[in-house]
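Take a look at the letters that make up each chain.
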Amino acid sequence: MATKADKTKQFILEKVAPIFNRNGYVGTTLADITAATELTKGAIYGNFKDKEELAVKAFDWNVKTILQMIQAKMEEATTPLGRLRKIFEFYRDYYDQTMIAGGCPVLNIGVDANHRDPVLFARVQEIISRLLSDIMELLQEAVDAGQLQPTIDVEKATKNIFSMIQGSVFLSLTMKDSSYLVDITDHLDAYIDGLAV
């Protein structure tokens, strides 16, 4: 059962996570935080050691939301290749979801924290490594299940897939045009078709 302190932390994160995502670490002020939560500085820092800890937890909150949506999408399929295609399907509609949330947290915070906040930047790198690992695992499972050619370079394919997705996320959000994501997910489906047995 959640304690009162746990509920307060959750409340703060729900309110400030979108602000950190939109404004970044430097661009989010204490005034933004207290205005969003209607709590005092003492109440905020009574629950979080400092702004950096709050920023990391806010990033985790935003990423957790996305990972849960990806997981739910993947659960619609029963094979490794099917689950991989569900990831593509998720990103096909990612533009609308991220515009509501103020952009992609991995992209936003990765760029914002680089050269500014090594702790937060390291957390972004951890999440990217996890996403890469998940894609690599699906590709390897698809090879092992005889769904993809055994000669595929799984590590290289993983990097290509993730790079194409993140590049199209950047372009879609920057240009305010979802077609970059739609086009790249079509391309990725065709890419996987070419590797299928």
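Here, every reference points to the structure presented above.
In this text the structure is predicted, and so the values were computed from the model without any measurement. Position numbers for residues start from 1 in each chain and track the written sequence from start to end. Per-residue local features are limited, in this predicted model, to residues with pLDDT of at least 70; the limit for side-chain atom pairs, both in listing and counting, is 80 or more; totals at the level of whole chains, interfaces and linings are taken over all residues. To get the side-chain values, all heavy atoms of the structure are used, and hydrogens and water are removed first.

### Here we look at the environment of Met 136
Move 1: Starting at the N terminus, helices and strands are each numbered in turn, a helix being any DSSP run of H or I of at least four residues and a strand any DSSP run of E of at least two. Residue position: Met 136 is located in helix α8 (residues 118–144).
Move 2: Each residue is placed in one exposure class: buried if its accessible area under a 1.4 Å probe, protein chains only, is under 20% of its type's maximum, exposed if it is over 50%, and partly exposed if it falls in between. What makes Met 136 partly exposed here is its relative accessible area of 32%.
Move 3: Sequence separation of Met 136 and Pro 18 is 118 residues, and the distance between their C-alpha atoms is 30 Å.
Move 4: Contact between two residues is taken to exist if any of their heavy atoms lie within 4.5 Å; hydrogens are not considered. Excluding residues within four positions of it along the chain, Met 136 makes contact with Val 154, Glu 155 and Thr 158.

### Describing a nonpolar patch on the surface
Move 1: In this analysis, a patch consists of residues with relative accessible area above 30% that form no salt bridge, clustered at 9 Å for like charges and at 5 Å for the nonpolar side chains Val, Leu, Ile, Met, Phe, Trp and Tyr. The method behind every accessible area is Shrake-Rupley, applied with a 1.4 Å probe, and residues are considered shielded solely by the protein chains displayed. Any carboxyl oxygen of Asp or Glu that lies within 4 Å of a side-chain nitrogen of Lys or Arg is treated as forming a salt bridge with it. The grouping of Phe 170, Leu 171 and Met 175 at the surface amounts to a nonpolar patch, some 280 Å² of accessible area in total.
Move 2: Note that Leu 171 resides in helix α9 (residues 154–175).

### Remarks on the packing of aromatic side chains
Move 1: Between rings of Phe, Tyr and Trp, where Trp is taken as its six-membered ring, a pair exists when centres lie within 6.5 Å; planes separated by under 30 degrees are stacked, by over 60 edge-to-face, and by other angles tilted. Evaluation of the coordinates by the stated rule reveals three aromatic pairs.
Move 2: Centre to centre, the rings of Phe 90 and Tyr 94 are 5.5 Å apart; their planes meet at 45°, and the pair counts as tilted.
Move 3: On the basis of relative accessibility, which here comes to 2%, the residue Tyr 94 falls in the buried class.
Move 4: Ring plane angle 70° and centroid distance 4.9 Å describe the contact between Tyr 91 and Tyr 94, whose orientation is recorded as edge-to-face.

### Description of the nonpolar core
Move 1: Residues Leu 54, Leu 84, Tyr 91, Leu 139, Leu 148, Val 169 and Ile 192 are the most contacted members of the largest nonpolar core, which totals 54 residues.
Move 2: Elements that contribute at least two residues to this core include exactly α1 (4–27), α4 (51–74), α5 (80–92), α6 (94–101), α7 (105–113), α8, α9 and α10 (179–195).
Move 3: Looking at which element gives the most residues to this core, the answer is α4, with ten residues.
Move 4: Not counting chain neighbours up to four residues away, the residues in contact with Tyr 91 comprise Ile 70, Ile 165, Gln 166, Val 169, Leu 181 and Thr 185. Here, nonpolar core refers to any group of buried Ala, Val, Leu, Ile, Met, Phe, Trp, Tyr and Cys residues whose side-chain atoms link them within 4.5 Å.

### Let's talk about the pattern of salt bridges
Move 1: Across all of its chains, the model carries twelve salt bridges by this definition.
Move 2: Here Glu 155 and Lys 159 are joined by a salt bridge, their closest N and O atoms 3.5 Å apart. Residue Glu 155 and its partner Lys 159 are located together in helix α9, separated by four residues, close to a single helical turn.
Move 3: Each of Lys 73, Glu 76, Lys 86 and Glu 89 takes part in one network of salt bridges that share partners.

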